[in-house]
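# Fold and contact review
Below, each chain spelled out in residue letters.
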Amino acid sequence: MKTTVSPGNLDVWFCFTGDKRLNTYLGAYNAMLSDSEREQYEQLPQQDQRHDYLVSRVLLRTVLAGYCDCEPNELVFGVSEYGKPELLSPAGQDLQFNTAHTHGLTVCVVGRSYPVGIDAEYHSDSASLLSVADDYFSSQELQALHEKDSEEAKLADFFRYWTLKEAYLKARGQGLSIPLHDFSVVLKDGAFVEFCGPEAERWDFRLLLQDANYTAALAMGAKIQQLRLLKCIPLGPVEEFNAT
């Protein structure tokens, strides 16, 4: 059955790559890879890296195949000038999508008409990350971060700022040609409240999956009307869950 999404709405697909149920489908997953994907898969040095890469590519293929009403291995991908993935075939779909991968998790956001970006981060080696904030955050963000009264609160907001900013950059699709210091996201009590940057009135953001292990965020170049979150096993069960 074909999956549909309307302009202004977003579907976000999550797959936890450590889920043992994935093992049932690994043979089918391998058969879906293109020649270039298989080459990249085989060049990865560690088994867990190969596994995560395989699941991430198959998640993207199975998800988009549902919207395109085709087989996963019929999809042909390319990249933009700055490396953002694009769907080349089947053409004329008007689909906008983006993916993110981190330890144990791969995610894919799908919409129509408006550019989208998503980022997810695993909270490993967290304490050392605060030292890089000066290199990537705006003065407004740094001031707000330093006002937090505990390292735990600073780290939580660090991941919120990081994923929101990365999601915006990925939605714009211009890489680091957009300096990270030149725009700001504003948080209040751990929630996104405002974007200060180019065409600020156009952009909308959401923070997702904030728990002890992960933070994820997305950005879209228009007002987000509706958000649907789905946890899935590619070719297997799909479960919708609440954004909170």
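This report concerns the structure included in the present document. Everything quoted here is computed from the prediction, not taken from an experiment.

Turning our eyes to something else, we now look at the environment of P234. One can find P234 in the loop between strand 11 (226-232) and strand 12 (238-241). Along the chain, P234 and S56 lie 178 residues apart, while their C-alpha atoms are 9.5 Å from each other. Those residues in contact with P234 that sit more than four places away from it in its chain are C15, L22, Y25, Y29, V58, L59 and T62.

Our focus in this paragraph is the sheet that holds strand 12. With mixed pairing, five strands are arranged side by side in an open sheet as 4-5-1-11-12. A strand with exactly one partner marks an edge of an open sheet, and here the two such strands are strand 4 (95-102) and strand 12. Going from strand to strand, the sheet's axes swing by 20° on average, the running direction of each strand aside. The pairing of strand 4 with strand 5 (residues 105-112) spans eight bridges and is classified as antiparallel. Within the sheet, the bridge partner assigned to L95 lies in strand 5 and is R112. In this fold helix 3 (residues 47-68) packs onto strand 1 (9-16), strand 4, strand 5 and strand 11, with an angle of close to 25° to the strand it touches most, strand 5.

Between S89 and P90 the backbone carries a cis peptide bond, its omega angle lying at 0°. Along the polypeptide, P90 turns up in the loop between strand 3 (85-89) and strand 4. Even without being a glycine, E199 presents a positive backbone phi close to 50°. By the element assignment, E199 lies in the loop between strand 8 (191-196) and strand 9 (204-208). Note on E199: relative accessible area 44%, which makes it partly exposed. Despite not being glycine, L235 has its phi angle at roughly 70°, a positive value.

What counts, and where the lines are drawn
- Residues numbered from 1 in each chain as written.
- Predicted model: local features only at pLDDT ≥ 70, side-chain atom pairs only at ≥ 80, totals over all residues.
- Heavy atoms only, no water.
- Helix = DSSP H or I, 4+ residues; strand = E, 2+ residues; numbered from the N terminus.
- Contact = heavy atoms within 4.5 Å.
- Pairing = 2+ DSSP bridges.
- Axes fitted to C-alpha atoms, helices over the stretch in contact; angles between N-to-C directions.
- Buried < 20%, exposed > 50% of the residue type's maximum accessible area, 1.4 Å probe, protein only.

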